[in-house]
Amino acid sequence: MSTSSVNGHACASVPQIGQGDQDDCCADFQYQRPLDLFQNKKLVKICAPMVRYSKQGFRMLVRKYDCDLTFTPMIISNSFVRSIKARDSDFTTYAGDRPLIVQFASNSCDDFANATEIVAPYCDGVDLNCGCPQRWAMSAGYGSCLLKKPELVCDMVKQARCRVDRNDFTVSMKIRIHKDLRETVDMCQKAAKTGVSFISVHGRTKEQRAQPVNLEAVRAIKDAVAVPVVANGDIRSLEDSDRVQAETGVDGVMAARGILANPAMYAGYKDTPLQCVQDWVDIALSIGTQFPCFHHHLIFMLEHILSKAERNVFNSLASLSAVLDFLRDNLGIT
């Protein structure tokens, strides 16, 4: 795949275009941008940013099954800005990979704004991660620790907005909730006044993992701001999506683990259909997806299709040829 340059910064796997040519790049590819989706659809169905997993091939797959909007994996903004190697590794796209939002982890207004400027010609928006609860992210000043720094968050949103002269370009944020919901509502209201385009809410605190999602908190945020709100957490089916919207009034839903297990969930499938598995094989082979990523996605997809004994065999396979032979012999997938 090719590498091109924008304002001196390299971006991987994109056409050779300049800062002002982003509309021409996709002139033959028609799609709805994020703000149009929120305006025109009753419920926007979104694939969450997932480290290692929401990469180009998987985004191609879920779009075939009624996913409206996709995110890249979380990218560390400072290394992305400073390192060509990091840009080539972390951001791979193509003209039809739209609508697309690039998510950054950042603790610096300059880094977030600079990263936004680099990717703007090749995406439809950027998202600030204010929700990652991992210790490494918190220790670096990323993710959920930003929940305690609303002024910094608002400044990052404002500066990123100033770098892109496009009304349809979104600057959003993905958050977890505070123990005191009033803090969360206040932060969201400040961000909305600053110009955040939409807010994705994972209805758990940074300390919570398997506890039920707090839909009342999501509803309170939706009622408190005028920008679109997206619900994240425990969205595992189309029925979950509709139920959460009915309970919270949100404008969109965002799935992570649910869509890993069943990339066709937004199309109404209870479990991954075999055609979806075939589609993943075709996509992954066509773009040269690395074996660990290719295999791990299949492990998720086949969990409810294979027996326990079959899963034990499949999960231990260590080569592409072994995986393809297993799929052919056991599922008729070629």
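Predicted, not measured: the structure shown is a model, and the values here were computed from it.

What to know about helix 8 (residues 150-163)
Next up, step 1: The terminal C-alpha atoms of helix 8 lie 20 Å apart, and with 14 residues this matches the ideal 20 Å at 1.5 Å per residue to within 8%.
Next up, step 2: Listed as buried for helix 8 are Pro 150, Val 153, Cys 154, Met 156, Val 157 and Ala 160. The arc enclosing the buried residues of helix 8, seen along the axis, measures out at 160 degrees, which places them on a common side. When the buried face of helix 8 is taken as reference, the exposed residues oriented beyond 90 degrees from it are Glu 151 and Cys 162.
Next up, step 3: Lining the buried residues of helix 8 we find helix 6 (109-119), strand 7 (125-130), strand 8 (170-176) and helix 9 (181-194).

Focus on the environment of Leu 43
Next up, step 1: Relative to the assigned elements, Leu 43 resides in the loop between helix 2 (34-40) and strand 3 (44-47).
Next up, step 2: Note: C-alpha distance between Leu 43 and Val 230 (187 residues apart in sequence) is 9.3 Å.
Next up, step 3: Filtering out sequence-adjacent residues up to four positions away, Leu 43 remains in contact with Asp 68, Ser 241, Asp 242, Gln 245, Val 250, Asp 251, Gly 252 and Val 253.

Observations regarding the pattern of salt bridges
Next up, step 1: All chains considered together, the criterion is met by 21 salt bridges.
Next up, step 2: Put simply, Arg 33 and Asp 168 hold a salt bridge, and the shortest N to O gap is 2.9 Å. Highlighted residues: Arg 33 in the loop between helix 1 (22-25) and helix 2 and Asp 168 in the loop between helix 8 and strand 8, separated in sequence by 135 residues.
Next up, step 3: Judged by its relative accessible area of 17%, Arg 33 is buried.
Next up, step 4: For Asp 168, a relative accessible area of 26% corresponds to the partly exposed category.
Next up, step 5: Linked by salt bridges that have partners in common, Arg 33, Arg 98, Asp 124, Arg 166 and Asp 168 make up one network.

Notes on the environment of Lys 193
Next up, step 1: Tracing the sequence through the fold places Lys 193 in helix 9.
Next up, step 2: Judged by its relative accessible area of 76%, Lys 193 falls in the exposed class.
Next up, step 3: Measuring from C-alpha to C-alpha, the distance between Lys 193 and Met 138 comes to 26 Å, with 55 residues separating the pair along the chain.

Notes on the packing of aromatic side chains
Next up, step 1: For the structure on display, the rule yields 7 aromatic pairs.
Next up, step 2: Every member of this aromatic cluster is reached through a ring pair, and the members are Phe 80, Phe 104 and Phe 112.

Description of unusual backbone geometry
Next up, step 1: Note the cis peptide between Arg 98 and Pro 99, where omega equals -5 degrees.
Next up, step 2: Inspection of the secondary structure assignment puts Pro 99 in the loop between helix 5 (84-90) and strand 6 (100-105).
Next up, step 3: For Arg 52, which is not glycine, the phi torsion reads 80 degrees and is therefore positive.
Next up, step 4: Relative to the assigned elements, Arg 52 resides in the loop between strand 3 and helix 3 (56-63).
Next up, step 5: In this structure Arg 52 comes out as exposed when scored by relative accessible area, which is 54%.
Next up, step 6: Of note in the backbone geometry, Asp 234 takes a positive phi value of approximately 60 degrees without being a glycine.
Next up, step 7: Residue placement: Asp 234 occurs in the loop between strand 10 (229-232) and helix 11 (238-248).
Next up, step 8: For Asp 234, a relative accessible area of 34% translates into the label partly exposed.

Here we look at the confidence of the model for the protein
Predicted coordinates in areas of low pLDDT are best not read in detail.
Next up, step 1: Mean pLDDT over the protein stands at 91; residues scoring 70 or higher make up 92%.
Next up, step 2: Taken as a whole, residues 1-27 scores under 50 in pLDDT and shows 65 contacts with residues more than four places along the chain or in a different chain.

Examining the packing of helix 14 (residues 291-301) against helix 16 (residues 320-331)
Next up, step 1: Following both chains from N to C, one finds helix 14 and helix 16 inclined at 25 degrees, their axes separated by 10 Å at the closest point. Judged by the angle between their axes, helix 14 and helix 16 are roughly parallel. Between helix 14 and helix 16 lies a crossing whose hand is left-handed. Between helix 14 and helix 16, the contacting residues are Phe 291, Phe 294, His 295 and Leu 298 on the first element and Leu 320, Val 323, Leu 324 and Leu 327 on the second.
Next up, step 2: Taken together, the residues that form the contact of helix 14 with helix 16 break down as 7 nonpolar, 1 polar and no charged.

Re the side chain of Asn 129
Next up, step 1: Summarising the element assignment, Asn 129 is placed in strand 7.
Next up, step 2: Asn 129 gets classed as buried once you look at its relative accessible area, which sits at 7%.
Next up, step 3: At a separation of 3.1 Å, a polar atom in the side chain of Asn 129 contacts the side chain of Gln 103.

Some points on the pairing of strand 3
Next up, step 1: The alternating pattern of strand 3 places Val 44 and Ile 46 on one face and Lys 45 and Cys 47 on the opposite face, and all of these are buried.
Next up, step 2: Relative to strand 11 (residues 252-255), strand 3 is paired through 4 bridges, and the arrangement is parallel. When the bridges of strand 11 are listed, Val 44 appears paired with Gly 252.
Next up, step 3: The pairing of strand 3 with strand 4 (residues 69-71) spans 2 bridges and is parallel.

Basis of the calculations
- Residues numbered from 1 in each chain as written.
- Predicted model: local features only at pLDDT ≥ 70, side-chain atom pairs only at ≥ 80, totals over all residues.
- Heavy atoms only, no water.
- Helix = DSSP H or I, 4+ residues; strand = E, 2+ residues; numbered from the N terminus.
- Expected span 1.5 Å × (residues − 1).
- Buried < 20%, exposed > 50% of the residue type's maximum accessible area, 1.4 Å probe, protein only.
- Arc of directions from axis to C-beta.
- Contact = heavy atoms within 4.5 Å.
- Salt bridge = Lys/Arg side-chain N within 4 Å of Asp/Glu carboxyl O.
- Phe/Tyr/Trp six-rings, centres within 6.5 Å; stacked < 30°, edge-to-face > 60°.
- pLDDT = per-residue confidence, 0-100.
- Axes fitted to C-alpha atoms, helices over the stretch in contact; angles between N-to-C directions.
- Parallel < 35°, antiparallel > 145°, perpendicular 65-115°, else oblique.
- Left-handed = near helix turned anticlockwise from the far one by under 90°.
- Nonpolar A, V, L, I, M, F, W, Y, C, P; charged D, E, K, R; others polar.
- Polar contact = N/O pair within 3.5 Å; in protein donor to acceptor, adjacent residues only side chain to side chain.
- Pairing = 2+ DSSP bridges.

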